[in-house]
Amino acid sequence: MKNMRGRMALWMAGVFFVSYAVPVQASEMDILLRKLVEKKVLTEQEAQEVRGEVEQEVARSAKFEKEDVKETVKKIPGGTWLEKTKWAGDLRLRHESQLREPAADRHRERFRLRFGFTTKPWDQMEVGVRLATGASGDPVSTNQSFTGTFDKKAVFIDRAYAKYTPWPWFNLVGGKMEIPFDTATEIFWDGDLTPEGVAVQFKTPEPLPFFKETFPTKLFANVGAFQISELSDDAGDPAMFGFQVGKETGLPRGLVWTSSIGYYDITAVRGKRTSDITQVSAPSGNSTDGPVAAPVYRYDFNPLDIQGKLLIPDILGQQVVLIGDFVHNPVAEDDNGAWQAGIKVGKVTEKMGSWESSYYYKRVEPDAIFGAITDSDFGAGGSNHHGHRVGLRVGLSKWTEAGITYYRTDEIEGAQNKVDTLQVDASVKY
C-alpha cells in the first residue's frame, strides 16, 4: 500500500511539474519535493528522478516553443524580417535650470522618449525607423517640457532610412538618418539632429597592410547631400553638401588616434529670411541684415572642420579621451572661427558604479557655423557663445544611468548676455 501511495505521489508530482515546468521556479520545485520526502511520501531517489524529468521537460519545452515561434513567424507575410528586427529605445527625465542675465531665470522639468527598430529585409539592406518626442520647428532637440496643464505631448518621425551595404567597406544611406559623419564634438552638429538626404560612407574593414604591424591604420571617407529647406517660390533651395576624410591609427601602449578633415557647403542661405529656413524668426546667433521683424542671413556657410581624438585606454585604471575640434568659415568676413578642446575620463558600462567625467572649453563665433544645427544646450543653442562645460555620468545598472551637467557661457558679440545651465538627468534604456 505504501509503495502504491509512493508511486501515485511520484506520478502526480511528475504530472504537476511537467505541466507547469516553464513558469515554476526551481526553488519552488525543490521545496515541494523536500516536503514530500519529509512526509515519507517520496524517497530521496524518487525525488531526484522527478527533478531530473522536470529539467529534461523544461529543456524540451523551451526548444519546442522556440521552434513554434519560428514556424509562426514564417507563416506571417514577410515574417522572416521579424527574426532580424531589433527594437530599442530610451526614456530620459531631466530637471533644467537656466540662470540668465539680463533675462529672467528659467526652471523646467523635461523628458525625452525615443523608440524604434532596425530590420534587414536581406543581409545587405537595413531599414531603420525611430519615433521621438520634440517640437515642430526644432530639429536639434527631442525634449518636451512638463507644461500645458498636462496636455498630450507630440511624437515625431526622428529617423526613417534605408542603408545598403553591398561590401563591408561601403554604405549607401538615404532618408532621414543619424549624422553620417565622424563627430568628435557637437561644435558643428547637434547630437539630436537627423539630416535628410543621401550619404555614402567608406571605411577600410581591416588595417592597411603596410601599416598593420607598426601603426595599424584604417581609413574612412564620408560624403553627403542634404535638403535644408524647400521654398516653392524660389529656384535656389537651401541645401548642404559635405565631404570628410580621416583615419584611425593604433599607437604603442594601446593608444588610438582618430583625425579627420571635413568641408561643408551650405548653399542658398545668404539673403534668405531666417523664418523661411529654420521655421523660427531667430537667426540662432548668425549675423543678419534687413528689418528686425524679418531678418535675412548675411552669409552662406562653407566651413572647414578639422578634428582629432586621442584614446588612452588606461591611466590609473580609467580610460581617458582627449578631444580637439577647429572650424573656419572663409565666406564670412569676420567672427568666422570656432574651436573646442576637452577631456573625458572613465566610461559608463553595464556595471553598476561605472562613471565618466568630462570637461571642455568651446568658443563659437557668430558666423563660424550654421547656428540652426549646432549644440542646443551650450549657451541655450546657436552660435555666438564661449564658455565651459563640466559633466558627470554614473551607471546604475545595465539599463539605467544618472548624470549632471553644468554650462557656463557668455555671448561673444552683442549684448554680452550670460547663460548658466544646470541639467540633472536620469535615463532608462530598453
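Conventions and cut-offs
Residues numbered from 1 in each chain as written. Predicted model: local features only at pLDDT ≥ 70, side-chain atom pairs only at ≥ 80, totals over all residues. Heavy atoms only, no water. Helix = DSSP H or I, 4+ residues; strand = E, 2+ residues; numbered from the N terminus. Buried < 20%, exposed > 50% of the residue type's maximum accessible area, 1.4 Å probe, protein only. Pairing = 2+ DSSP bridges. Core = buried A, V, L, I, M, F, W, Y, C linked by side-chain atoms within 4.5 Å. Contact = heavy atoms within 4.5 Å.

Peer 1: Help me understand the environment of Asp123, please; the structure alone is not making it clear to me.
Peer 2: Among the structural elements, Asp123 can be located in the loop between strand S2 (106–122) and strand S3 (125–133). The class of Asp123 is exposed, set by a relative accessible area of 53%.

Peer 1: In this structure, what is going on with unusual backbone geometry? I would like to understand it.
Peer 2: Leaving glycine aside, a negative phi is the common case for residues, and trans is the common case for peptide bonds. For the peptide bond that leads from Glu101 to Pro102, omega is 5°, which places it in the cis range. Structurally, Pro102 is set in the loop between strand S1 (86–101) and S2. Of note in this structure, Arg253 is not a glycine but carries a positive phi near 65°. With respect to the element layout, Arg253 can be found in the loop between strand S9 (239–250) and strand S10 (256–267). Positive phi is not limited to glycine here, since Ala268 has a value of about 60°. With respect to the helices, strands and loops of the structure, Ala268 is situated in the loop between S10 and helix H5 (274–278). Classification of Ala268 by relative accessible area gives partly exposed; the value is 21%.

Peer 1: It is not clear to me how the pairing of S9 should be interpreted in this structure. Could you clarify?
Peer 2: A regular strand places its side chains on the two faces of the sheet in alternate fashion. Examined bridge by bridge, strand S8 (residues 217–227) and S9 share 11 bridges and lie antiparallel to one another. Across the sheet, residue Leu219 finds its bridge partner in S9, namely Lys247. As judged from the 12 bridges shared by S9 and S10, these two strands associate in the antiparallel manner. Bridged to Ala239 within S10 is Thr267. The turn joining S9 and S10, which pair antiparallel and follow one another in sequence, is formed by 5 residues; a positive phi near 65° is taken by Arg253.

Peer 1: Could you clarify how one ought to interpret the nonpolar core in this entry?
Peer 2: In globular proteins that are soluble, nonpolar side chains generally tend to be buried together. In this structure, Phe188, Trp189, Met240, Ile266, Val269, Phe370 and Ile373 are the most contacted members of the largest nonpolar core, which totals 27 residues. Filtering out sequence-adjacent residues up to four positions away, Val269 remains in contact with Pro238, Ile277, Tyr297, Tyr299, Asp300, Phe301 and Phe370. Of all hydrophobic cores here, the second largest spans 7 residues; its members include Leu36, Val37, Leu42 and Val50.

Peer 1: Please explain the pairing of S3 as it appears in this structure.
Peer 2: Relative to S3, S2 runs antiparallel, the two sharing 7 bridges. Along S3, the bridge assignment pairs Phe117 with Val129. Where S2 folds back on S3, the antiparallel hairpin that results is connected by 2 residues. Sheet topology places S3 next to strand S5 (residues 155–167); 9 bridges connect them, and they run antiparallel. Bridge pairing in S5 links Val127 to Ala162.

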